[in-house]
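The primary structure of each chain is shown beneath.
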Amino acid sequence: MTATRSHPALRSGRAKITRACTLIAFLLGCGAASAHTEAGAAGSGFTSGFLHPLMGPDHIVAMVAVGMWGAFLGSRATWTLPVIFPVVMAIGGALGVAGVHIPAVETGIALSAVVLGIVVAFAARPPLWVAGVIVGIFAIFHGHAHGTELPESANALSFAAGFVIATGLLHLCGIAFGLLVKWPWGKWAVRGGGAVIAGVGVCFLTGWL
Amino acid sequence: MIRRRALPAVCLLLALPLQAQAHTTVEGLNEFTNGLIHPLFTPAHVLVLLAFGLWTSRLRPFNPRLSLAGFAGASFVGLAITMSGKGPLPMAVPVIVAVVAAAIVAADLTLPDRALLALTEIAGLILGLDSPADPGVAGFTLIKTLLGTWVGLIICFMMPAYYLSLLPERKWAAYGVRILASWIIAIAVMVLALSFRKG
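These notes cover the structure that comes with them. (Residues numbered from 1 in each chain as written. Chains lettered and ligands numbered in written order. Predicted model: local features only at pLDDT ≥ 70, side-chain atom pairs only at ≥ 80, totals over all residues. Heavy atoms only, no water.)

One turn of the α-helix equals 3.6 residues, which is why residues spaced by three or four share an orientation. Residue and element names in this part refer to chain A. Here helix α3 (residues 46-54) has its buried residues at Gly-49, His-52 and Pro-53. Down the axis of α3, the smallest arc covering the buried residues is 80°, so these residues share one side. Packed against the buried residues of α3 are α4 (57-73), α7 (128-149) and α8 (156-178). (Buried < 20%, exposed > 50% of the residue type's maximum accessible area, 1.4 Å probe, protein only. Helix = DSSP H or I, 4+ residues; strand = E, 2+ residues; numbered from the N terminus. Arc of directions from axis to C-beta. Contact = heavy atoms within 4.5 Å.)

This is the structure we're talking about:
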């Protein structure tokens, strides 16, 4: 009788596997959502703002690299850099909206991918304030580019909300990947990811992409 | 002296060409319910309520009574003033209040209770003043709408504070709250910049 009963730890493990399989099945099986259409002040512009950072691969790799570097630098930096970046980026965006000229913005964005990729690849660990300044400088370029490209018709608040949330989620993707550094193999995976980002950045810088 | 210095800033704020938002009316709902959901339909108010919710949630020990009392009293006064035809305010005003509260959270500043009380009262007054009923609404209907708005504001003030206070006392939770606050600052700065351009 007792032989047929499984051990509690085994049952718990099976339950976890079942939950994980169910979750994966849901994620794979979901189709395009088509319930709510955008309407009103909160809706219009949000999608446009949310998609804005996601439409530029140069932005994507740099945002992810910020999260990865933060995770590499340690627990405090993991969360400090994603606090600094959106605030400084918004200031850059405001400069762009205001028409303030910043030279070589596109070069700065490509360079951000190169530099951030390299620091991750080489597992550079400067003091937190140095990392903050580097990230802040690049955030100005990213924000400025977004600011100058903003559509005139966008609802200001919902556009900005979508834009900032998408950027933040990209950071979180980078952090999630960067947290693999807890394992020896993960450290190499993250450093490899940094090298790939630096390579992509070089392609942007030279105009190959 | 301080007042004289603050005057140009106040004039600038009032001159900002930002769109003011009155009540969003949803057909089929009564006046009270329409007032109740009003804060959720005004994105600038959502920013303020979230920012203060984040701030209140980080109080240790968690004790929202002081800020809640200040907010409820001041928003009541603000809503009462709108009955005389005042409001709504330029959108920049609540957005700037949201920036101030979010900056305190993002920088992890610990301010005395008096400062929290003063700022929540200012926020309450501004949100109240910025929530007038539609023109033409009068009498008992007006009272029901404003009462609904007042209750809605209090609920929307407390909900983020309460639920975020349930987060465990872990570093990631504290940093998560600060990241959310930085997002509020970024959104607000972009809104102000975009509004200047549109003006």
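This part covers the interface of chain A and chain B. Chain A puts 31 residues into the contact, and the matching count from chain B is 24 residues. Across the chain A/chain B interface, buried area totals approximately 2400 Å², and carbon plus sulfur atoms make up 79% of it. Linking chain A to chain B there are 0 salt bridges. Across the chain A-chain B interface, the total number found is 0 residue pairs in polar contact (both at pLDDT 80 or more). Among the elements of the structure, α2 (40-43), α5 (75-97) and α8 of chain A are those that each provide at least two residues to the side of chain A that touches chain B. (Buried area = accessible area lost by both parts, 1.4 Å probe. Salt bridge = Lys/Arg side-chain N within 4 Å of Asp/Glu carboxyl O. Polar contact = N/O pair within 3.5 Å; in protein donor to acceptor, adjacent residues only side chain to side chain.)

All names here are of chain B. At a minimum axis distance of 7 Å, the contact between helix α4 (residues 65-82) and helix α6 (residues 113-129) shows a crossing angle of 30°. Considering their axes alone, α4 and α6 lie roughly parallel with respect to each other. In this structure, the crossing between α4 and α6 has a hand that is right-handed. Along the contact surface, α4 presents Leu-66, Ser-67, Gly-70, Phe-71, Ala-74, Ser-75, Val-77, Gly-78, Leu-79, Ile-81 and Thr-82, while α6 presents Asp-113, Leu-116, Leu-117, Thr-120, Glu-121, Ala-123, Gly-124, Leu-125, Leu-127, Gly-128 and Leu-129. For the contact of α4 with α6, the class distribution of residues is 12 nonpolar, 8 polar and 2 charged. (Axes fitted to C-alpha atoms, helices over the stretch in contact; angles between N-to-C directions. Parallel < 35°, antiparallel > 145°, perpendicular 65-115°, else oblique. Left-handed = near helix turned anticlockwise from the far one by under 90°. Nonpolar A, V, L, I, M, F, W, Y, C, P; charged D, E, K, R; others polar.)

Topologically, Leu-95 of chain A is positioned in helix α5. Expressed as a C-alpha distance, the spacing of Leu-95 of chain A and Ile-140 of chain A, which sit 45 residues apart in the sequence, is 8.7 Å.

Such coordinate-based values are descriptive only and should not be taken to indicate function.
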